[in-house]
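Analysis of the macromolecular model
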2 protein chains.
Amino acid sequence: MLYELKGNAVVSQSGGPTGVINASLVGVIEAAQKNPNIEKIYGAVHAVAGMVRDEFVDLTDLDAETLEIIAGSPSSALGSSRDKPDAEYCRNIVEVLKKRGIRYFFYIGGNDSANTCKIVNEQADKLNYDIRAFHVPKTIDNDLRTTDHCPGYGTAAQFVARALKGDDLDNRALPGVKIDVIMGRDAGWLTAAASLAKDNEDDGPHLIYVPERPVSMEKFVSDVQMVYAKYGRCVVAVSEGIRDEDNVTWAKKLAENAEVDAHGNVQLSGTGALADFLAGKIKANTEIKRVRADTFGYLQRSFAGLQSKVDAEEARETGRKAVEFSMEFDSGSAIMKRVGSGADYKVEFERTELANVAEFTKDLPDEFINEAGNGITDAYKEYALPLVGELPKTGYLGNLPKV
Amino acid sequence: MLYELKGNAVVSQSGGPTGVINASLVGVIEAAQKNPNIEKIYGAVHAVAGMVRDEFVDLTDLDAETLEIIAGSPSSALGSSRDKPDAEYCRNIVEVLKKRGIRYFFYIGGNDSANTCKIVNEQADKLNYDIRAFHVPKTIDNDLRTTDHCPGYGTAAQFVARALKGDDLDNRALPGVKIDVIMGRDAGWLTAAASLAKDNEDDGPHLIYVPERPVSMEKFVSDVQMVYAKYGRCVVAVSEGIRDEDNVTWAKKLAENAEVDAHGNVQLSGTGALADFLAGKIKANTEIKRVRADTFGYLQRSFAGLQSKVDAEEARETGRKAVEFSMEFDSGSAIMKRVGSGADYKVEFERTELANVAEFTKDLPDEFINEAGNGITDAYKEYALPLVGELPKTGYLGNLPKV
């Protein structure tokens, strides 16, 4: 236990929304409400952008019913921001915190947010203003270091797995090639979740491509052809960060090749462009007639009423733990350590230094990707299933023996 | 009660899958299992295409557990087909049915499937083979005539409403213009479901465009600008069948303007093209910086584990009723009549002539579209809510009074 520090608290949410970032928010609020060292609980609207503009709402007396609704709502209930504050920006934030008597700073976000916490803490030190700065991890990308996994990932992964489960059945009904483009520019964590949809040998997704394994267009097309020859259909999960052999993403190549038209008539760099481009390649280079492509888009991160139970609970507990840790440490991030697997899955919460989370991100480890670089291993499934929760049981009758 | 006819039955599924078409399949199977006039229950794989190829599976003894799993699974468990059979095709089908002693023909599908039922029945008459041909309505498009609504619609509408509820919160967190393209080439029923996401005056979707109300690009852009000026953000739900003032769809215009490149480098007619095109128009003609667009794609019709309870029950009952009606009539379609609304919502099942369903489709009625042609009325909500079921409660805190 560090020395006792009494004062107000602020909580805020940064970066892309997730399905459980509000559960973490509620975890912070309810723990802060009970904590004798914390007086007022402010919410900064639109993250650091709201802080510098001094835009705060009062969360001190939110009742339990409201908190439950918020905890179950997707997206960031306090609004978000993409700003990446530098030292000066953070000094301005500290001035605002000082003015409001805020001693506790809880920032829910990814590695950039951990970095913001760090800079705010440093600037507070320079201004001789005592503050406890805590990072509460969230990201659907699951690419934070140190923590076993990130709150937000299990829910987005469940969305992807359920989408692929449905889409594979759709593709059985009307066979052809189906390409699904999934979020994750730098790491294949969310795309890997597509593999959870696969129960039987001939289930899709039959091919999965992640940024960690660059693939040539020739290989991509021939992979699809081989699966199609075998099953008469092929479901492909592709990360939006899929890379050509030269390690440049296809998305970047597409954007560079796009003819910019001031009237907006040609849009090759839009959301759907990569999916349509890949489908076009299959159509142009094979004899396969039915080729379809979808881009899951924001549905993956903000779909109302869909949460992984484990993820929502862990997200909330992460918020609570951050408040607890702020009584003992000057700064840090509330991370999870897995202490049991499979049916005995369990996590313990730990505090780690902000620097451990702030810098760099985490790719899919080699043992989660198959040798051919076009699929995901069972080791990944073992890792991910407890976070995602049980998936709906589904069935198909068209493959019963013909009579 | 028509004269008693003993024999085998066949059931099959046609057209685009839905989230509850398998509930109808199970309804047919379980009613047929109990019916003393029906001996074997065949499933034709891939609809009429499987029938002419004599590809049948045996569903007679499927157990209750399997049936429950199938009833809860999205997509068409017997496979589907897009074939639209003519008289000759249907004569070949009748030959196969005759060979297998099939007297009961249950076909789950849209208006084209009702038409197929009709032709099969006519061809059987010509061949002096007695058959009972029944259509079991399904479509996410909700555009069948005579019936109050179609099994499959409530579930797809729930997906769209939940997606928009989440997306509106996402847009509150990171404000800008968000365009969501929703299925429905000819009628705006599914796009209208976006309106169910809206609880408060400033909730999105702020604008909704359906094929029934052509809109010029100028009007579209100025509508978005007006909403953005008022709320600092704008969520737009657009039917994939959105039309220009000349009544030609933008999708068609895009496809015609697409430069076809044999290497697949340019894809303007893909799934994501319309969304990206509309986003491009907003970017090019306004000062708004953050403009995003998603196309919901197949997720709308085949998402594992998502069903409207009422829709799933009605779909199943529709299947059961078709079997019941086939004991009393030579042919027909099992339709629903609404006999209570609001909290007293209730339907009754009726048999109607195939011809009443087979020809033409049903647009959104005028009273469901607002005067400006860019929104959906409360009358629609009253119609649709019982079919969709209760939506998740969500909340936002960023609009609390600033302190």
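Note that the structure is a prediction, hence the values are computed from the model and not measured. (Residues numbered from 1 in each chain as written. Chains lettered and ligands numbered in written order. Predicted model: local features only at pLDDT ≥ 70, side-chain atom pairs only at ≥ 80, totals over all residues. Heavy atoms only, no water.)

1. Observations regarding a positive patch on the surface
Together, Arg 82 and Arg 185 of chain A together with Lys 283 and Arg 292 of chain B give the surface a local cluster of positive charge. With respect to the helices and strands, the residue Arg 292 of chain B is situated in strand β9 (residues 291-295). (Patch = residues over 30% accessible without salt bridge, like charges linked within 9 Å, V, L, I, M, F, W, Y side chains within 5 Å. Areas by Shrake-Rupley, 256 points an atom, 1.4 Å probe, with all protein chains shown as cover. Salt bridge = Lys/Arg side-chain N within 4 Å of Asp/Glu carboxyl O. Lys, Arg positive; Asp, Glu negative; His and termini not counted. Charge placed at Lys NZ, Arg CZ, Asp CG, Glu CD. Helix = DSSP H or I, 4+ residues; strand = E, 2+ residues; numbered from the N terminus.)

2. Things to note about the sheet that holds strand β10 (residues 331-340) of chain B
All names here are of chain B. Reading across from one edge, β3-β2-β1-β4-β5-β10-β11 is the order of the 7 strands in this open sheet, with mixed pairing throughout. A single partner strand is all that each edge strand has here, and the edge strands are β3 (56-58) and β11 (346-352). Neighbouring strand axes in the sheet, compared pairwise and without regard to direction, differ in orientation by 30 degrees on average. Bridge analysis of strand β2 (residues 38-44) against β3 gives 3 bridges, and the strand direction is antiparallel. By the bridge assignment for β3, Gly 43 is matched with Val 57. (Pairing = 2+ DSSP bridges. Axes fitted to C-alpha atoms, helices over the stretch in contact; angles between N-to-C directions.)

3. With respect to the pattern of salt bridges
Pairs can form between side chains of opposite charge once their charged atoms are near each other. Residue and element names in this part refer to chain A. In total, this model carries 60 salt bridges over all chains according to the counting rule given. A salt bridge links Arg 53 to Glu 55; its shortest N-O distance comes to 3.2 Å. Arg 53 sits in the partly exposed class, given a relative accessible area of 48%. Asp 54 serves as the salt-bridge partner of Lys 99, at 2.6 Å between the closest nitrogen and oxygen. Here Lys 99, found in helix α4 (residues 87-99), pairs with Asp 54, found in the loop between α2 (47-52) and β3 (56-58); they are 45 residues apart in sequence, far enough to count as distant. Given the relative accessible area of 59%, Lys 99 is considered exposed. The class of Asp 54 is partly exposed, set by a relative accessible area of 23%. Three or more residues are tied together by salt bridges with common partners; here these are Glu 30, Glu 68, Arg 316, Glu 317, Arg 320, Lys 321 and Glu 324. (Buried < 20%, exposed > 50% of the residue type's maximum accessible area, 1.4 Å probe, protein only.)

4. Some words on the UniProt feature "site: Important for catalytic activity" (unreviewed entry) in chain A
If you check UniProt for "site: Important for catalytic activity" (unreviewed entry), the listed places come out as Lys 138 of chain A in our numbering. Residue classification places Lys 138 of chain A among the buried residues on the basis of a relative accessible area of 7%. (UniProt positions renumbered as here; feature names shortened; annotations may be inferred.)

5. Focus: the interface of chain B and chain A
The interface is formed by 84 residues belonging to chain B together with 83 residues belonging to chain A. Roughly 6400 Å² of surface becomes buried between chain B and chain A when both sides are summed, with 60% attributable to carbon and sulfur atoms. One can count 2 salt bridges joining chain B with chain A. Linking Asp 170 of chain B and Arg 301 of chain A is a salt bridge whose minimum nitrogen-to-oxygen distance equals 2.7 Å. On the surface where chain B and chain A come into contact, there are 38 residue pairs in polar contact (both at pLDDT 80 or more). Going through the elements one at a time, β3, α3 (64-71), α6 (153-173), α10 (273-285) and β9 of chain B are the ones with two or more residues in the side of chain B that touches chain A. (Contact = heavy atoms within 4.5 Å. Buried area = accessible area lost by both parts, 1.4 Å probe. Polar contact = N/O pair within 3.5 Å; in protein donor to acceptor, adjacent residues only side chain to side chain.)

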